Each structure stands twice: as C-alpha cells, then as structure tokens.
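# Coordinate inspection notes
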Amino acid sequence: MKPLRKIRYIEITSEILQQEGIESVTIRKVAERAGCTSAVLYKHFENKEHLIMLASVRFLEPYIIEFIRLSSREDLSSIQIDLLLWKCFIEEAFRNKPYYELMFFSDHRDMLEDCVYEYYQMFPEVQRRFDGFSASIIFSNNLQERELLRLRRAAHAGVLSLEDATLLSRLTVAVFNGIFTQYSGVTMTDSQIRSAAEECYQLIYTLFQRFLPAGVPLDATP
C-alpha cells in the first residue's frame with residue numbers, strides 16, 4: 001500500500017515550488033495546506049530540506065523519461081545517445097534552474113540519490129521501465145560519474161580509449177558546471193535560457209568532436 005499521506009505532502013510541496021519557488025516552502029505552510037500539524041510532517045520527513053529534495057525530483061522526470069526512451073533505441077550509438085541526453089539534461093537544468101541547483105550544487109546534494117530512490121518507491125510508474133544501467137546513472141548525484149558510466153560503453157566498443165573517456169567525462173561536466181553556475185541566482189528570460197542552454201551544449205558537442213575519430217557519427221534525430 002502506498003504511503004498516501006506522504007505522497008500528498010510531496011504533491012503539495014511540488015505545487016508550492018511551481019507556483020511560488022523554493023524560498024516559499026516551509027513545513028508550516030505545507031502542513032496548513034494538508035490540514036495537519038507540523039509535527040505530523042516531521043514524522044515523515046527528516047527536515048524541510050528532505051521534503052523539498054523529494055519534491056524536486058519531479059523536475060528530473062522529463063530527463064529520466066527521455067533517458068529511458070533513448071537508452072532503448074537500438075538505431076543509435078552510445079555516443080549519439082550520450083549527446084542527446086546531454087542536450088535534454090542541459091535544457092531541463094536551465095529551465096528548472098533553482099531545482100537543479102539544489103539537486104546537484106547545493107550543500108544538500110548528497111541527499112539526491114536516496115531521495116530519487118525514495119521518490120520512485122512512492123511513484124513507481126516510471127521505475128518499472130528501469131534496467132540496472134539506467135538505475136545506476138539516474139540514482140547517482142555525481143555528474144562526472146554518470147557521464148563516465150556512459151562513455152565507458154563507447155570505450156568498450158573501441159570508439160575511444162578509456163583514458164580519453166575519463167578525460168572527456170571530466171571536461172564535459174566542467175563545461176556544464178561552469179556555464180550553469182555562471183547564471184546562479186540570476187533570473188533569466190526564456191530567450192536567455194535557450195541561449196545559455198545552446199551555448200553549453202555546443203561547447204560539449206565541440207569536445208566530443210575533438211576527442212572522437214573523424215567519421216564517428218555524433219548527430220541523431222531525438
């Protein structure tokens with residue numbers, strides 16, 4: 001049986017995040033909207049950060065769904081899939097910047113792995129389609145570790161050396177971190193979001209061009 005009350009608290013928190021932002025979430029406000037006391041919420045969540053991190057996982061869902069969809073495509077190489085996933089991740093990160101900052105850059109980022117796992121125990125619809133490789137990447141809050149797991153597939157296929165796969169994983173994540181944190185705390189317009197996301201992706205794409213032999217296909221239809 002699903003923990004229905006806990007699910008409801010997470011859904012209320014997600015609504016506050018979408019409508020008012022992270023700074024507006026308090027245990028008291030969630031409790032008032034749920035018709036219970038703050039003490040009841042503390043029976044389900046360690047603290048406010050635990051509740052917000054769980055609710056923020058919802059903003060990862062578009063990427064997770066795309067990850068699962070692309071990973072099942074047999075017409076694409078691991079490199080093509082990796083680039084498409086980078087494009088999706090970057091776009092989602094800039095579109096939902098406060099939540100990705102929380103999940104991957106805040107002092108609470110180490111909670112993400114456990115929170116993703118906990119979230120999909122309560123909302124298992126997407127999880128039913130996970131395989132072991134997907135789960136190992138989706139549940140990791142370490143971007144470089146996640147990227148290296150993907151690039152190792154290309155290395156094992158002989159597309160690039162393991163040494164280059166390791167270096168490429170470090171550089172691509174460094175590019176993302178650098179561009180993304182450049183806009184930390186900045187309110188961006190839709191056009192600025194698109195421009196920043198495209199700049200970030202193109203730099204990563206250029207890195208792939210430099211590391212991979214000529215003739216290795218990079219582009220693919222999503």
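Now for a look at the structure at hand. (Residues numbered from 1 in each chain as written. Predicted model: local features only at pLDDT ≥ 70, side-chain atom pairs only at ≥ 80, totals over all residues. Heavy atoms only, no water.)

Time to look at the pattern of salt bridges. Under the criterion given, the structure shown has 12 salt bridges. Ionic pairing is found between K6 and E118, a salt bridge with its closest N-O pair at 2.5 Å. Of this pair, K6 sits in helix α1 (residues 4-20) while E118 sits in helix α8 (residues 112-122), and the two are 112 residues apart along the sequence. Given a relative accessible area of 13%, K6 falls into the buried group. (Salt bridge = Lys/Arg side-chain N within 4 Å of Asp/Glu carboxyl O. Helix = DSSP H or I, 4+ residues; strand = E, 2+ residues; numbered from the N terminus. Buried < 20%, exposed > 50% of the residue type's maximum accessible area, 1.4 Å probe, protein only.)

The next subject is a negative patch on the surface. On the surface, E46, D110, E113, D114 and E145 cluster together to form a negatively charged patch. Assignment of secondary structure puts E46 in the loop between α3 (38-44) and α4 (48-56). (Patch = residues over 30% accessible without salt bridge, like charges linked within 9 Å, V, L, I, M, F, W, Y side chains within 5 Å. Areas by Shrake-Rupley, 256 points an atom, 1.4 Å probe, with all protein chains shown as cover. Lys, Arg positive; Asp, Glu negative; His and termini not counted. Charge placed at Lys NZ, Arg CZ, Asp CG, Glu CD.)

Buried within α8 are the following residues: L112, C115, V116, Y119, Y120 and M122. The arc enclosing the buried residues of α8, seen along the axis, measures out at 150 degrees, which places them on a common side. (Arc of directions from axis to C-beta.)

Turning our eyes to something else, we now look at the layout of surface pockets. It is a probe the size of a water molecule, rolled over the atoms, that shows where empty space is left. Considered as a void within the structure, the largest pocket measures approximately 190 Å³ in volume. Forming the walls of the largest pocket are K87, I90, E91, R95, D190, I193, R194, A197, E198 and Y201. Those elements that provide at least two residues to the lining of the largest pocket are α6 (78-95) and α12 (190-211). If you tally residues by element for the lining of the largest pocket, the top one is α12, at six residues. Of the residues that constitute the lining of the largest pocket, the class distribution is four nonpolar, no polar and six charged. (1 Å grid on protein atoms, 1.4 Å probe; cavity = no way out; pocket = protein on both sides within 12 Å on 5 of 7 lines; lining within 4 Å. Points joined across faces, edges and corners; volume = space filled by probe spheres on them. Nonpolar A, V, L, I, M, F, W, Y, C, P; charged D, E, K, R; others polar.)

As enumerated under the stated definition, the model contains one cavity of 30 Å³ or more in all. Here the largest cavity is characterised by a volume of approximately 70 Å³. Lining the largest cavity are Y63, L85, W86, F89, L143, R146, E147, R150 and V173. When residues of the lining of the largest cavity are assigned to their parent elements, the largest contribution, four residues, is made by helix α10 (residues 143-156). Tallied by class, the residues present in the lining of the largest cavity amount to six nonpolar, no polar and three charged.

Below, the discussion takes up the side chain of K6. Among the polar contacts listed, one links the side chain of K6 to the side chain of E118, at a separation of 2.5 Å. If we ignore the near neighbours within four places in the chain, the residues touching K6 are H44, F45, L54, E118 and M122. (Polar contact = N/O pair within 3.5 Å; in protein donor to acceptor, adjacent residues only side chain to side chain. Contact = heavy atoms within 4.5 Å.)

Our focus in this paragraph is the packing of α4 against helix α7 (residues 97-105). At a closest axis distance of 10 Å, the pairing of α4 and α7 adopts a crossing angle of 115 degrees. Every pair of crossing elements has a handedness; the one defined by α4 and α7 is left-handed. Listed contacts from α7 to I52, M53 and S56 of α4 are Y99, L102 and M103. (Axes fitted to C-alpha atoms, helices over the stretch in contact; angles between N-to-C directions. Left-handed = near helix turned anticlockwise from the far one by under 90°.)

Another aspect to go through is the packing of α6 against helix α11 (residues 162-182). In contact at an axis separation of 12 Å, α6 and α11 are set at 20 degrees when each is read in the N-to-C sense. Compared by their axis directions, α6 and α11 come out roughly parallel. For the crossing formed where α6 meets α11, the hand is right-handed. Where α6 abuts α11, its residues W86, F89, I90, A93 and F94 lie against T172, V173, F176, I179 and F180. Tallied by class, residues from the contact of α6 with α11 come to nine nonpolar, one polar and no charged. (Parallel < 35°, antiparallel > 145°, perpendicular 65-115°, else oblique.)

Counted according to the given criterion, the structure contains zero disulfides. Looking at C115, it has no disulfide partner, and the nearest cysteine sulfur is the one in C36, 19 Å off. Given the relative accessible area of 2%, C115 is considered buried. (Disulfide = S-S within 2.5 Å.)

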